[in-house]
Amino acid sequence: MIPAQFDYVRPGSLTEACRELGSDEDAKVLAGGQSLLPFLRLRLAYPSKLVDIGRLAGLRGVHDRGDHVYIGAMTTHDEVMRSPVVTAGCPLVALAAAHVADPAIRHRGTFGGSLAHADPAGDLPAVVLALDGVFVAASADGEREIPAAEFFVDYLESSLRQGEILAGVRIPKLGEGWGFHYEKFHRTAQAWAIVGVAAAVRRSNGSISEARIGLTNMGPTPLRARATESALEGVELGDQVRRACAEAAADTSPPADLHAQPDYRRHLAKVLTDRAVRAAAGSP
């Protein structure tokens, strides 16, 4: 299908890009295009203008900033998964980036584009939520920080304002004693997750002292499995973990579609959370 007509601009600076975006409420940002272009072809989106930020070099790259890792929005998934800085400082992000679609899409799709798209079935939103990442939004007036818990508003809707562009994301380093795992159930390598679970687990004296769990495709936004996180505190590996992970689907509203019904997704969330937590904790 042929997309609807739109204007196209390629700004030379981030400030210019923000002004172009702010001048038209129906304008859209074009980054890697791996999420937006299919929407245009299927006429699921009708932007009046595309603001191409693909050549803004300042939005690309990974930087170690002491207590956190900064990932520029235009950094590709492949660059994220291969970055030694990401692997050392926030390995859960690298693990999840390796699960994004296939190699062709990972070489074109961008870290920030995937997050700003705010698809709850995407692999990365739940990961950044679980790690308490901070989004850096740029506008013609400067920068604004948005905690991950406030960034995802609804299905395909973020808290970015008109004229704001996601410039990068700060991922806090969790330090020693943490283990990480990303578990995903999907039909094919290119498909969205039917359910995904991002787990970060810290063990102390043989038991779990803290857990952070993000859920993919279990509601209109990525979610934290708060009930399971609380239930895992002080738990030793064994049947207690399974019982705690049985709470993973609490307070979720998974969608119904051609691939799965809500009750099946709730079942998957429990099973995958158990797997992810055990893997992150280093237990078979």
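Residues numbered from 1 in each chain as written. Predicted model: local features only at pLDDT ≥ 70, side-chain atom pairs only at ≥ 80, totals over all residues. Heavy atoms only, no water.

Draft legend 1. Inspection of empty space enclosed by the protein at higher detail. Inspection of every chain in the model, using the stated rule, returns one cavity of 30 Å³ or more. The space that makes up the largest cavity amounts to roughly 30 Å³. Every residue lining the largest cavity is listed: Ser35, Ser114, His117, Asp119, Gly122, Pro125 and Trp192. Classifying every residue of the lining of the largest cavity by side-chain character gives two nonpolar, four polar and one charged. (1 Å grid on protein atoms, 1.4 Å probe; cavity = no way out; pocket = protein on both sides within 12 Å on 5 of 7 lines; lining within 4 Å. Points joined across faces, edges and corners; volume = space filled by probe spheres on them. Nonpolar A, V, L, I, M, F, W, Y, C, P; charged D, E, K, R; others polar.)

Draft legend 2. Region of interest: the nonpolar core. Residues Val93, Phe111, Leu115 and Phe135 are the most contacted members of the largest nonpolar core, which totals 36 residues. Top element by residues in this core is helix α5 (residues 91-97). It accounts for five residues. Leu115 has contacts with Leu124, Pro125, Val128, Phe135, Phe151, Phe152, Leu166 and Val169, leaving out every residue within four places of it along the chain. Membership of the second largest hydrophobic core comes to 26 residues, among which are Leu223, Leu232, Ala249 and Ala280. (Core = buried A, V, L, I, M, F, W, Y, C linked by side-chain atoms within 4.5 Å. Buried < 20%, exposed > 50% of the residue type's maximum accessible area, 1.4 Å probe, protein only. Helix = DSSP H or I, 4+ residues; strand = E, 2+ residues; numbered from the N terminus. Contact = heavy atoms within 4.5 Å.)

Draft legend 3. Highlighting the environment of Ala121. Inspection of the secondary structure assignment puts Ala121 in the loop between α7 (111-117) and α8 (123-130). Distance in space between the C-alpha atoms of Ala121 and Ala101 is 12 Å, their sequence separation being 20 residues. Discounting residues that sit within four places of it in the chain, Ala121 has contacts with Trp192, Ala193, Thr216 and Asn217.

Draft legend 4. How the structure looks around the layout of surface pockets. Put simply, the second largest pocket is a space of about 180 Å³. Taken together, 13 residues line the second largest pocket, and the ones lying closest to its centre are Ala31, Gly32, Gly54, Met74 and Arg108. In terms of residue class, the lining of the second largest pocket is built from four nonpolar, six polar and three charged.

Draft legend 5. Examining the sheet that holds strand β6 (residues 134-139) more closely. Strand order in this open sheet of five strands is β4-β5-β10-β6-β7, and the pairing throughout is antiparallel. Edge strands, defined here as strands with exactly one partner in the open sheet, are β4 (62-64) and β7 (142-147). Across this sheet, the average inter-strand angle for adjacent strands is 25 degrees, counted without regard to direction. As judged from the five bridges shared by strand β5 (residues 68-72) and strand β10 (residues 165-172), these two strands associate in the antiparallel manner. Each bridged residue has a counterpart across the sheet, and for Ile71 the counterpart in β10 is Val169. Contacts between helix α1 (residues 14-22) and the sheet are confined to β6 and β10, with β10 contributing the most and set at about 120 degrees to the helix. (Pairing = 2+ DSSP bridges. Axes fitted to C-alpha atoms, helices over the stretch in contact; angles between N-to-C directions.)

Draft legend 6. Quick peek at the sheet that holds strand β2 (residues 27-30). The sheet built from three strands is open, its strands ordered β1-β3-β2 with parallel pairing. For this open sheet the edge positions go to β1 (7-9) and β2, each flanked by a neighbour on one side alone. Going from strand to strand, the sheet's axes swing by 25 degrees on average, the running direction of each strand aside. Sheet topology places β1 next to strand β3 (residues 49-52); three bridges connect them, and they run parallel. Opposite Asp7, over in β3, you have Lys49 as the bridge partner. Contacts between α1 and the sheet are confined to β1, β2 and β3, with β3 contributing the most and set at about 170 degrees to the helix.

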